[in-house]
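Coordinate analysis (summary)
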Amino acid sequence: MQSKASKETKSRFLFRHLATLFSLFFIFTSTSSLAAELNLAVASNFISPIKQLAADFEQETGHSIQLSFGSSGKLFAQINNQAPYDIFLSADTTKPKALIKKQLALPDSFQVYARGQLALWSLKPLNSSDLKQVLLNSRRIAIANPKLAPYGKAAKETLQNLTVWDVLKKKIVQGENIGQTYQFVYSQNADIGFVAFSQVLATNPQGWTMPIPRSLYSEINQAAVILTRSKRIELAQSFMAFLIRPDTQDKIATFGYASELE
Amino acid sequence: MTLSSEDITAIWLTLKLATVVTLLLIIISTPIAWWLARTKSWLKGPINAIVAMPLVLPPTVLGFYLLIFLGPEGPAGKLLHNLGVSPLPFSFSGLVIASMFYSLPFVVQPIQNAFIAMGDKPLEAAATLRSSPWDRFFHIAIPLAKPGYISAAILGFAHTVGEFGVVLMIGGNISNETRVISIQIYDHVEALEYDQAHALSLLMIGFAFIVLAFLYSSKKQQKNKAMSDGVL
C-alpha cells in the first residue's frame, strides 16, 4: 500500500514538473519567434556608429541584430557567394549598385545612409595653416588605396585638385584601407595622412587635424541595400527606414559623418 | 586571362625579394643552425624557440611590431636615422628585413636537421687526421648537409613568395617597391577584378605545386641514393 502511494506522488510530481517545463519551453519558443534576428554586413569604417544604432534599434523594437564587419570588397565577395546577410551597408555606392545589377539586392532598397568627410591628420603640429603648404612640407603622406577605398579616392582627388599629385606621388604610401592609413600616421611612419574625420572623432587622438574642404573631392557616399536572399524583408525595410530617420541621421553625424539629409 | 603590366611588375618584384631573402638567410642561418645542432648550452631551448616563433605567430603580429620598431620613433628606426639610413618601412630593404624574420625557421630548421643527421663521426674522423676546424666545416659538414641546404633554399624562397600579412602591414603598397604578388591579388579581389585575381592566383597555385612536388621527389631520390651509397 505504502509503496503504491509513494509511486503515485512520484508520478504526480514528475507530471507537474514536465508541465512546467513544457510551458516554459512554449514561452521561450513563442517569444523567440516574435523577435527575429537581422544580419547586417557592415563596412569596417562604420563600426562604431552601427554598434550604437543597432543597440538603439534593438531597444526600440525588441528584435536582435547580428553585425559582421569587413572591407566592402570582402563583404561583396561573401554576398556573391550566398552569405546569409539581410542588409549590406557598404562604404561606397558602386558595390550596392553592382549587387542590384546581379539581382542579389532589391533595386528599390538602395539608400545612401551616410556621407564621409575627409581630414588631414598629423601627430606633430602642422607647420602651416595652408593645406597645400602642409602637403609640400611633408616627408611622407599616407592615403588609403585610391583604387579600393573611397577615402583613398577622395584623397587622390584632393591632391589632384590642388595640382600637387604629380609632385607628391613619390611621398605617398598606401594603406589597404582607412584603418591602416590611420596606423601609418599613428606609428609616425608617415608624418601626415588623409583619414576619415569619423576616425579622428572616434579615437580622439593627440595631434592636429585639418578638415579638407568639401569642394576638393567628390562626395563619399555610403549606400545600403536589402539582399534578395533575406527571409525577413519586412524587418529589413523597417531597419532601413530607421537608418534614414532624421534623429538617426543626427546620431550618425555625431560620429563624424555629414548627415545624408542635409 | 591575361596579366597586366602591373601584374608582371609584381611578379618580378616578388622573385627579386625571394631571391635576395633566400641568399641572405642561407648565410645567416648557417652559423645559427650549426650552433643549435652542436651546443649543449641551456640557451639552446630559448634560441630554438625564437627561431621557430614565426611558425606560430600571425604575420600581422610581426608586421605590427616591425612597423613600430623600425618607425622613426622606434628604437631601431632612431638608430638607423642616426646612422643616416632612410626609414625602412615602405621600402624594398624593409621588406627584405621583414621577410628574413618571417622565413627564418624555414631555412634554419632543414640545415640544422642536416647537421644533426650527419652526426659527430665524420668530423671526429677528420679531426684525427689533423683536419682544421674550418677545413672540417667547409669540406665535410657543408657537403654532407647539401640536401638540407637544398630544402632550406627551396622552402625559404617559396615561403617568401607566399608572404602576405607582413607586407600588408609594413609595405605601403608601392608599385615596383613593395607591391608583391599576394598584395596585387588582394587588390584585384577587393576591386572586384576577379579575372585578374584568378590569373595570378592560379599562377601561385601552379608555382606552389611545382616547388613542393620537386622538393618531395628530390628528397626521395636523395634518400635512395644515400642508401645505395651506404651512408644512411
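Everything in this summary refers to the structure shown in the same document. Just so we're clear, the structure is a prediction, and the values are computed from it rather than from any experiment.

Before going further, it helps to examine the sheet that holds strand 5 (residues 118-122) of chain A. All names here are of chain A. Spatial ordering of the open sheet is given by 7-6-8-5-9, a layout of 5 strands whose pairing is mixed. With partners counted over all chains shown, the strands left at the sheet margins are strand 7 (172-175) and strand 9 (208-211), one partner each. Each neighbouring strand pair of the sheet contributes to a mean axis angle of 30°, computed without reference to strand direction. Where helix 8 (residues 178-186) meets the sheet, its contacts fall on strand 5, strand 6 (141-144), strand 7 and strand 8 (192-196), and the angle it forms with strand 8 comes to roughly 145°.

This next bit is on the sheet that holds strand 2 (residues 64-70) of chain A. Residue and element names in this part refer to chain A. Here we have 5 strands laid out as an open sheet, ordered 2-1-3-10-4, and mixed in their pairing. Among the strands making up the open sheet, the edge pair consists of strand 2 and strand 4 (111-116). Averaged over all adjacent pairs, the angle separating strand axes in this sheet is 20°, with direction ignored. In the packing of helix 10 (residues 233-243) onto the sheet, the strands contacted are strand 1 (37-43), strand 2, strand 3 (87-89), strand 4 and strand 10 (220-226), and the crossing angle to strand 10 comes to about 155°.

Next up on the list: the side chain of A:Thr93. By secondary structure assignment, the location of A:Thr93 is in the loop between strand 3 and helix 4 (94-101). The class of A:Thr93 is buried, set by a relative accessible area of 19%.

Looking now at helix 8 of chain A. Residues and elements named next belong to chain A. The buried fraction of helix 8 amounts to 7 of the 9 residues, a majority that puts the element mostly inside the structure. Of all the positions in helix 8, only Ile 178, Gln 180, Thr 181, Tyr 182, Gln 183, Phe 184 and Val 185 are classed as buried. With a side-chain oxygen positioned 2.9 Å from the backbone nitrogen of Gly 179, the residue opening helix 8 is Asn 177. Gln 188 occupies a position one or two residues after helix 8 and carries a positive phi of about 60°.

Residues and elements named next belong to chain A. With respect to burial, strand 4 is a largely interior element, 5 of its 6 residues being buried. Pairing of strand 4 with strand 10 involves 5 bridges; the strand directions are antiparallel. What sits directly across from Val 112, in strand 10, is Ala 223.

So, on to the interface of chain A and chain B. By convention, interface size is frequently given as the accessible area that disappears when the constituent parts associate. Each partner contributes residues to the interface: chain A has 23 residues there, and chain B has 24 residues. Summed over both sides, the interface of chain A with chain B buries roughly 2000 Å², with 55% coming from carbon and sulfur. Of all residues in chain A, A:Lys147, A:Glu176 and A:Asn189 give up the largest surface area on contact with chain B, accounting jointly for 26% of the area buried on that side. Summed over the shared surface of chain A and chain B, the number is 1 salt bridge. The closest approach of N and O atoms between B:Glu193 and A:Lys147, which form a salt bridge, is 3.5 Å. At the boundary of chain A with chain B, the tally comes to 9 residue pairs in polar contact (both at pLDDT 80 or more). Secondary-structure elements contributing two or more residues to the side of chain A that touches chain B are helix 3 (72-80), strand 7 and helix 8 of chain A. Here the element with the most residues in the side of chain A that touches chain B is helix 3 of chain A; it accounts for 5 residues.

Reading the values: rules and limits
Residues numbered from 1 in each chain as written. Chains lettered and ligands numbered in written order. Predicted model: local features only at pLDDT ≥ 70, side-chain atom pairs only at ≥ 80, totals over all residues. Heavy atoms only, no water. Pairing = 2+ DSSP bridges. Helix = DSSP H or I, 4+ residues; strand = E, 2+ residues; numbered from the N terminus. Axes fitted to C-alpha atoms, helices over the stretch in contact; angles between N-to-C directions. Contact = heavy atoms within 4.5 Å. Buried < 20%, exposed > 50% of the residue type's maximum accessible area, 1.4 Å probe, protein only. Polar contact = N/O pair within 3.5 Å; in protein donor to acceptor, adjacent residues only side chain to side chain. Buried area = accessible area lost by both parts, 1.4 Å probe. Salt bridge = Lys/Arg side-chain N within 4 Å of Asp/Glu carboxyl O.

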